[in-house]
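Architecture at a glance
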Amino acid sequence: MAQCVQSVQELIPDSFVPCVAALCSDEAERLTRLNHLSFAELLKPFSRLTSEVHMRDPNNQLHVIKNLKIAVSNITTQPPQPGAIRKLLNDVVSGSQPAEGLVANVITAGDYDLNLSATTPWFESYRETFLQSMPASDHEFLNHYLACMLVASSGEAEPVEQFSKLSQEQHRIQHNNDYSYPKWFIPNTLKYYVLLHDVSAGDEQRAESIYEEMKQKYGTQGCYLLKINSRTSNRASDEQIPDPWSQYLQKNSIQNQESYEDGPCTITSNKNSDSNLLSLDGLDNEVKVDGLPNNFRAHPLQLDPSSDSSNSIDGPDHVKSTSSLHETKKANAGIIHGACLTLTDHDRIRQFIQEFTFRGLLPHIEKTIRQLNDQLISRKGLSRSLFSATKKWFSGSKVPEKSVNELKNTSGLLYPPEAPELQIRKMADLCFLVQHYDLAYSCYHTAKKDFLNDQAMLYAAGALEMAAVSAFLQPGAPRPYPAHYMDTAIQTYRDICKNMVLAERCVLLSAEILKSQGKYSEAAALLIRLTSEDSDLRSALLLEQAAHCFINMKSPMVRKYAFHMILAGHRFSKAGQKKHALRCYCQAMQVYKGKGWSLAEDHINFTIGRQSYTLRQLDNAVSAFRHILINESKQSAAQQGAFLREYLYVYKNVSQLSPDGPLPQLPLPYINSSATRVFFGHDRRPADGEKQAATHVSLDQEYDSESSQQWRELEEQVVSVVNRGVLPSNFHPTQYCLNSYSDNSRFPLAVVEEPITVEVAFRNPLKVPLLLTDLSLLWKFQPKYVSGKDNEEVKELVKGEPEMIGTEVISEFLINSEESKVARLKLFPHHIGELHILGVVYNLGTIQGSVAVDGIGALPGCHTGKHSLSMSVRGRQDLEIQGPRLNNTKEEKTSIKYGPDRRLDPIITEEMPLLEVFFIHFPTGLLCGEIRKAYVEFVNVSKCPLTGLKVVSKRPEFFTFGGNTAVLTPLSPSASENCSAYKTVVTDSTSVCTALVSSASSVDFGIGIGSQPEVISVPLPDTVLLPGASVQLPMWLRGPDAEGVHEINFLFYYESVKKQPKIRHRILRHTAVICTSRSLNVRATVCRSNSLEDEEGRGGNMLVFVDVENTNTSEAGVKEFHIVQVSSSSKHWKLQKSVNLSENKDAKLASREKGKFCFKATQCKEEEVATEASEKYTFADIIFGNEQIVSSASPCADFFYRSLSSELKKPQAQSSMHTEKQSVEDVMRLIQKCNEVDLNIVVLWKAYVVEDSKQLILEGQHHVVLRTIGKEAFSYPQKQEPPEMELLKFFRPENTTVSSRPSAEQLSNLIKTSLHYPESFNHPFHQKSLCLVPVTLLLSNCSKANVDVIVDLRHKTTSPEALEIHGSFTWLGQTQYKLQLKSQEIHSLQLKACFVHTGVYNLGTPRVFAKLSDQVTVFETSQQSSMPALIIINNV
């Protein structure tokens, strides 16, 4: 239980006090009424004695009574009505609320920190009122009248006679059988005669003489002269006198509506108010009966029949009419109690109470106790007094008490008033009232036994209850508190006697006693036991106290506390105590909040919301309903729908109170602020037939860090080219779409008249759909004017300035249950300045139909659209985006700091050109190497001209706009007939197999020295594109060599003609997706020709072998490939003619077929050979048909150059050179040069494709770059074999320098050898046995340095196998020659071979060794001839 102001030792004596009746004459009542008080009320503040009182017990022992209080009340002959008592208790509780600004106790239990109200004044007020308003009953005497004050005025004509009348009236009320109420303690009630004297108006001498007369008649102990009204009421304002009555009369009254007093409390209806006064005693019924006022017919707790027909107070529908409350407030406002009394009068009243108690009441009680004691002794025949006999009763053997359940239900048994059992009870009650608890306990114990023996259960329960209380209050605590007595009493009252009022009194007392002993658990169990359906108010209060018991235990039971607080709140709500209900729920909420009890939280919040709404605490209601909606609710859809509608209903009421106030923040739907994306620019146009717009950037594209890095690199590349190879320091990559991955630390730049799209990510956490209507962005804008003055006027209204910023409104946006959905909202800036996007504004509603609205119905002014809206409220949600966590400096690393995120604060800049690019006839599928012609259309859709258009791509070999020559050379008519992408020339059939030579410079094709091939200028006419103008340019595409899907990124770069300070350039992106399928594989090798002289008589011929394989497996409907032409391109070499052995001129390759071509290549003539510096290439075409494709023109040369430049970018395998000697490096270079050849082969082909029963001809080209003699080169990228795993070696490698020796293969190419001899030789062996044949050995130096050559003619092997192979022949003459060959010199040696048999001989046995003459290091190796030199020796 909560802490109380009074301890239980003070509470119980104050709850059971001697009762005194008061019977006043009309004149006496009039005198007290001058102070707006009845006589009983006049005495109330002074009814507690200020000093200790002594009396003697039956054993003549002195007994001290401390803090004695008496209760004086006017006689009423009607018992109080239960309904009226309930109404009074209800008002007392509702009138007592927690004090404003009360500091709550903070209790820490486990991980809970709870703010609780330590005291519960409403409960104490209820308990006090309840105990004082208990009706008197026959089985106990505690609140029966012990005495009666008879009050008359000194101003009456015959005061003494009036006293006689009053005395007779009292006697009649007590002894006449017509009156069953009030109850009197003993037949001879003490009568005390009080003469009231009005000092200001009465005659003092007369009063004194009357008093003397009274003393003679009634004795000095039995009468008193009380002087009051020492001043007149109109002088009351001069001097401020304290008003001790107000706390008694107005305490716990609801808005001063009714007052109540101790004892049988009194209330009358407002209608009986007399001179602005609430009558409290029913004294207004001035009907005289027998010459006396009939002012005690009706008990003041009588209900006005018109005010309450049902007598039910606890119903939640019990609501006071506001008008009557208002009148009462006014009526009560100006009343001053005791206006005619001075402080002297206060002392006189206090003195009067002392006198009455000392002289009258206590002697009367003492005498009564003695009489009762004597009667009992005589009846029982016991020893001198009960007091001394108690020991015998307890020391003897105990009679086992029967349990309550065994006893018969004889609660209806009634004792006559003079029954000896009742006399014991009477004596016990008297002892209890004067705090003689030992004697009281003895008597109660005796009475209890008697009653149990008689099975008078009501009496027994009463005796048990008071015995337990007496035992507890005994001084020195001789025995423990018998809680089982109380339990038995409660059970008896409740179950057998069906008297809940008495059971409740037991519980209230016992719980206080248990609490004082720290037995909170037992107290809580007791309190909970008495909660029942018959009284919601009582159940609520007891449950609340039980909750406080749980929290006050040694180890607080927090969840039990919360649970019982919820139960109490529920019962308070049923009892109509809305404020208390709300308080209980709020207290319990502290426990359930944030602990995962989501359904409990929802229930509590819902109830708090409803109660707050009922009490017009609308903000609290809104916040409670908001909580239900925003926490991840586990409720059913119907329940969530109900919550949402309730919330909207409350919100609507709140917003109606302040229609012009700021828009409220709405809790639904959730907005994932960090997922907000901002897009600057127009939406992408859809494809229009063959026209396909550039993909650019759009909100539909997913963010990919890899691709965004690629785009950034492309932009950096083109910007650095434009800025002469240097990237400007203030360069930042263009960002059209800002999201959580982009760099948002700077203010983004938007262009005036170009829309800004904000994508807001909504999520509906509920299981009911949400309908947002009139959804738009909320912004503020600071316009800037070109004049240089900043106008900082802030426009916050969404619809305020449409001429500054246009705002798109989405009329309906439906989010289904638990759905995440994005809304794209647009703004149209029409002015330069700073824009700040603050959030979104919308009407939040729900769809009607799925779940019925709980009695709310459709509201007026509802939205009618595609969905029928049940109800909606207008509100906003802000977009607040947290920037990235900073982690650069030490301070940032150690603390948590976030950078700015400015994606919602764009700066609107002046207008810029805007380019749109369309691709016409752009293919999606190509064969590898296929050439296709498409067109690109460039359109300037802005109002500014644009210039400096460039395109950059990582794959420049994929496309070309044609070289400088392309614009000059018109397309040949035959080419246009075939729709060929190439420039072709019809050829003469005689010149077949011989090469047609042309030349071109790579500078014409944008591949000059030091240029970046990736950045290509777009050849715009006049280099400027005017506003609204469009240009179509041809674009040739070549399918990449690797099959599969290729994503090729183009970045178009352009600038404004008028330079802008903020935006220097703009970009447009396009990603082309091309799927390539297999076509041809080309491999080629080049080797030296053995014939040393060509037609022109110059050495240095090469043989080029080209293998072409059709790897296409009829994909894309390809029937066959025709090799149309093979061209070469080189600075130093050219193809001369085809050396095909077969006569078949038609080079067709069906699926999986392979063709082999052999060509003779010669060095270019001196005039054709360009210097190293110039970029002039010689092109030679060998045609297999009747049409020459000019390979030196666009697009064939373009793609050749592009592939060449990408080939050059690949890292070349460099020989490792560790030696410091420069000479060795030079040697290496010379030797390598002999092996190198820079010959590039271009194979041009046509493919015949059947598609939709039509035959198409596709054309294409493949490139092979030949670098090294004898090494095979490929047109398609080779797969790298993964290196084999090696074991790790854990030692330091020795740092030895590897001697850089050229490989044997490289050295073998230093000297070219060639044997000249007759193929067959006839010799008559029968004439001459030795046959001599002349053989010429030609030695050619391929390098540009002097070479020393050794020719060794001795046979290497002499094994018989070798002899069999070679046949046996001998070289005659010198066996070794030493020569020196100068640079590229040809030397011939005349040799003679000697044969002895006919046969076939291989003459290729001479071994040649070579070394560079000026080197000390001898690189010697055998120069092997490339093929066997066979000779046939015939006998003639």
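Conventions we followed
- Residues numbered from 1 in each chain as written.
- Predicted model: local features only at pLDDT ≥ 70, side-chain atom pairs only at ≥ 80, totals over all residues.
- Heavy atoms only, no water.
- Axes fitted to C-alpha atoms, helices over the stretch in contact; angles between N-to-C directions.
- Helix = DSSP H or I, 4+ residues; strand = E, 2+ residues; numbered from the N terminus.
- Parallel < 35°, antiparallel > 145°, perpendicular 65-115°, else oblique.
- Left-handed = near helix turned anticlockwise from the far one by under 90°.
- Contact = heavy atoms within 4.5 Å.
- Nonpolar A, V, L, I, M, F, W, Y, C, P; charged D, E, K, R; others polar.
- Expected span 1.5 Å × (residues − 1).
- Buried < 20%, exposed > 50% of the residue type's maximum accessible area, 1.4 Å probe, protein only.
- Polar contact = N/O pair within 3.5 Å; in protein donor to acceptor, adjacent residues only side chain to side chain.
- Phe/Tyr/Trp six-rings, centres within 6.5 Å; stacked < 30°, edge-to-face > 60°.
- Lys NZ or Arg CZ within 6 Å of the ring centre and 35° of its normal.
- Patch = residues over 30% accessible without salt bridge, like charges linked within 9 Å, V, L, I, M, F, W, Y side chains within 5 Å.
- Areas by Shrake-Rupley, 256 points an atom, 1.4 Å probe, with all protein chains shown as cover.
- Salt bridge = Lys/Arg side-chain N within 4 Å of Asp/Glu carboxyl O.
- Core = buried A, V, L, I, M, F, W, Y, C linked by side-chain atoms within 4.5 Å.
- Pairing = 2+ DSSP bridges.
- pLDDT = per-residue confidence, 0-100.

This part is about the packing of helix H14 (residues 457–473) against helix H16 (residues 500–516). Between H14 and H16, the shortest axis-to-axis distance is 11 Å and the interhelical angle comes to 20°. Compared by their axis directions, H14 and H16 come out roughly parallel. The two elements H14 and H16 cross, and the hand of that crossing is left-handed. In contact with Leu458, Glu465, Val469 and Phe472 of H14, H16 contributes Leu502, Arg505, Cys506, Leu509, Ile513 and Ser516. When its residues are assigned to classes, the contact of H14 with H16 shows 7 nonpolar, 1 polar and 2 charged.

This next bit is on helix H18 (residues 536–551). An ideal rise of 1.5 Å per residue puts 22 Å on 16 residues; H18 measures up with 23 Å between its terminal C-alpha atoms. Counting buried positions along H18 gives 16 out of 16 residues, so the element sits mostly inside the fold. With a side-chain oxygen positioned 3.1 Å from the backbone nitrogen of Arg538, the residue opening H18 is Ser535.

Let's shift gears to the packing of aromatic side chains. Taken as a whole and judged by the stated rule, the model has 43 aromatic pairs. On the numbers, 4.9 Å between centres and 40° between planes, the contact of Phe606 with Phe643 is tilted. Within this pair, whereas Phe606 is found in helix H21 (residues 598–614), its partner Phe643 is found in helix H23 (residues 637–657), the two being separated by 37 residues in sequence. Taken as a pair, Phe606 and Phe643 share a single burial class, namely buried. For the ring pair Tyr647 and Tyr651, a centre distance of 4.9 Å and an interplane angle of 85° mean the geometry is edge-to-face. With Tyr647 and Tyr651 both in helix H23 and 4 residues apart, the pair spans about one turn of that helix. Here the two residues Tyr647 and Tyr651 agree in accessibility, since each one is buried. Site record: aromatic cluster; members linked through ring pairs are Phe919, Phe922, Phe938, Phe958, Phe959, Phe961, Phe1050 and Phe1052. Lying over the aromatic face of Phe141, Lys426 brings its terminal NZ or CZ to 5.1 Å of the ring centre.

Relative to the helices and strands, Asn940 resides in strand S27 (residues 930–940). Engagement of the side chain of Asn940 in a polar contact is seen with the side chain of Ser942, the distance being 2.8 Å. In terms of polar contacts, Asn940 uses its side chain to reach the backbone carbonyl oxygen of Leu1025, at 3.0 Å. When sequence neighbours within four positions are dropped, the list of residues in contact with Asn940 reads Pro913, Leu914, Pro945, Leu946, Leu1025, Leu1026, Pro1027, Gly1028 and Ala1029.

This part takes up the environment of Glu1319. Looking at the element boundaries, Glu1319 is found in the loop between strand S48 (1311–1316) and strand S49 (1320–1323). Separated by 114 residues in the primary sequence, Glu1319 and Ile1433 place their C-alpha atoms 8.9 Å from one another. For Glu1319, the contacting residues outside a window of four places in its chain are Leu1430, Ile1431 and Ile1432.

Let's shift gears to a nonpolar patch on the surface. On the surface, a nonpolar cluster with roughly 260 Å² of combined accessible area is contributed by Val1400, Leu1430 and Ile1432. As for its placement among the helices and strands, Leu1430 is situated in strand S57 (residues 1430–1435). Residue classification places Leu1430 among the partly exposed residues on the basis of a relative accessible area of 46%.

We now examine the pattern of salt bridges. Inspection of the entire model under this criterion finds 49 salt bridges. For the salt bridge of Asp495 with Arg494, the shortest nitrogen-to-oxygen distance reads 3.2 Å. Taking the relative accessible area as the measure of exposure, Asp495 reaches 35% and is therefore partly exposed. Lys691 serves as the salt-bridge partner of Glu937, at 2.7 Å between the closest nitrogen and oxygen. Of this pair, Glu937 sits in strand S27 while Lys691 is found in strand S14 (residues 691–693), placing the two residues 246 residues apart along the sequence. Since its relative accessible area comes to 9%, Glu937 is described here as buried. Relative accessible area serves as the criterion here: at 28%, Lys691 is assigned to the partly exposed category. Overlapping salt bridges, with partners in common, bring together Glu140, Arg425, Asp429, Glu465 and Arg505 in one network.

Mapped onto the elements of the fold, Asp345 is located in helix H10 (residues 343–380). For Asp345, a relative accessible area of 0% translates into the label buried. Ignoring anything within four residues of it in the chain, the contact list for Asp345 reads Lys227, Ile228, Asn229, Ser230 and Cys340.

Turning to the nonpolar core, a few remarks are in order. The biggest cluster of nonpolar side chains holds 150 residues, and the ones touching the most others in it are Ile12, Phe39, Met149, Leu226, Phe352, Phe356 and Phe432. Counting residues per element, this core draws most heavily on H14, at 13 residues. If we ignore the near neighbours within four places in the chain, the residues touching Phe39 are Ala22, Cys24, Glu29, Thr32, Met149, Val151, Leu196, Leu226 and Phe352. Listed in part, the 56 residues of the second largest apolar core include Val622, Ile805, Phe813 and Leu825.

A separate point is the sheet that holds strand S37 (residues 1080–1088). Pairing within the open sheet is antiparallel, and its 5 strands lie in the order S40-S42-S38-S37-S47. Each edge of the open sheet carries a strand with a single partner, namely strand S40 (1133–1138) and strand S47 (1273–1274). One ladder, built from 8 bridges, connects strand S38 (residues 1102–1110) with strand S42 (residues 1154–1163); its direction is antiparallel. Looking at S42, one finds that Met1102 is bridged to Ala1161.

Right, let's get into the confidence of the model for the protein. Summarising the model, the protein shows a mean pLDDT of 78, and 78% of its residues fall at 70 or more. Element-level mean pLDDT values for the protein span from 38 in strand S10 (residues 288–289) up to 94 in strand S1 (residues 19–24). Overall, residues 788–800 carries pLDDT values under 50, and its contacts beyond four positions in sequence, including any with other chains, amount to 26 contacts.

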